[in-house]
Amino acid sequence: MKDLTWLKTRLIAHRGLYQSDQSVPENSMLAFQKAMDHGYGIELDVNLLKDQTVVAFHDHHLYRACGKDVFLSEVTYSEIKSLTVFKTKEKIPRLTDVLALVSGQVPLLIELKPKGDIIGLCEAVMRDLSSYQGEYAVFSFHPKAVGWFKKYHPNVIRGQIAECFRNDSMHPLIRYLLRTMFFNRFTQPDFVSYGIHDLPNRTLNRLKKKNMTIISYAAKTQAEFDHVIHHYDNVVFEHFIPKR
């Protein structure tokens, strides 16, 4: 039986305890350490490099964080390991680096980014997690990732991320299927993470009645944090220290 208690009750720092001006950069070892110093769970993004290395990094492109005009899928770890992010001294960590740092001290909420080789990313993430002893969950916007974990690692806590996708250029039918989490009937996630600006809604309220664990992303104020907690189970936070 999977224990989702921590996912409902722990304070979870979005991309680590980073600063809005990126003086403590998102998804950095420094941000993760600061989250641990407060006893917070850590939400982090992971992507796949050309050499199958999993890195803690939000974007699929290096420009925003590193000023380099190249996609992650085009480079190896040896080619980027000396790069620093957001004009700080912090570098791009591998997932294995993060696991060694955290070492079970706080739970990890690991988002598999939905573009590129999604199955390759799933396989590489589980390779890195194979001997990890701490609490963690994986989640993704991509139903294929959630379904992969259901098929190959059903004991891993898995979640579906969704929102209303109002500003996305995807086909209206695809938008509807993702917004309503149509694919959940096949992938059977253990929890749902829904965009904070689309809460509450009828789809989630129906899931709540069926005892689905529902969290959200990302509260930037205490008022936003309280709004989600009033309706659902939890919400990751950033740029402030919440009270619960």
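Residues numbered from 1 in each chain as written. Predicted model: local features only at pLDDT ≥ 70, side-chain atom pairs only at ≥ 80, totals over all residues. Heavy atoms only, no water.

### What about the layout of surface pockets?
By volume, the largest pocket amounts to about 780 Å³. In terms of lining residues, the largest pocket is bounded by 31 residues, among which Lys113, Phe141, Glu163, Phe165 and Tyr217 are the most central. Among the secondary structure elements, those contributing two or more residues to the lining of the largest pocket are β2 (41-48), β7 (191-195) and β8 (213-219). Considering the residues around the second largest pocket, the lining is formed by 20 residues, among which Thr180, Met181, Thr203, Arg206 and Leu207 are closest to the centre. (1 Å grid on protein atoms, 1.4 Å probe; cavity = no way out; pocket = protein on both sides within 12 Å on 5 of 7 lines; lining within 4 Å. Points joined across faces, edges and corners; volume = space filled by probe spheres on them. Helix = DSSP H or I, 4+ residues; strand = E, 2+ residues; numbered from the N terminus.)

### What to know about the pairing of strand β4 (residues 108-112)
For β4, a buried count of 5 out of 5 residues is recorded, marking the element as mostly surrounded by other parts of the structure. The alternating pattern of β4 places Leu108, Ile110 and Leu112 and Leu109 and Glu111 on opposite faces, both of which are buried. The pairing of β4 with strand β5 (residues 136-140) spans 5 bridges and is parallel. From the neighbouring strand, Leu109 faces β5, where its bridge partner is Ala137. (Buried < 20%, exposed > 50% of the residue type's maximum accessible area, 1.4 Å probe, protein only. Pairing = 2+ DSSP bridges.)

### A look at unusual backbone geometry
Look at the link from Leu199 to Pro200: it is a cis peptide, with omega at -10 degrees. Along the chain, Pro200 falls in the loop between β7 and α10 (202-209). A cis amide bond links Tyr217 to the next residue, Ala218, at an omega of -25 degrees. Looking at where Ala218 falls in the secondary structure, it is placed in strand β8. For Gln22, which is not glycine, the phi torsion reads 65 degrees and is therefore positive. Among the structural elements, Gln22 can be located in the loop between β1 (12-14) and α2 (29-37). Here the phi dihedral of Gln188 falls at roughly 50 degrees; this positive angle occurs in a residue that is not glycine.

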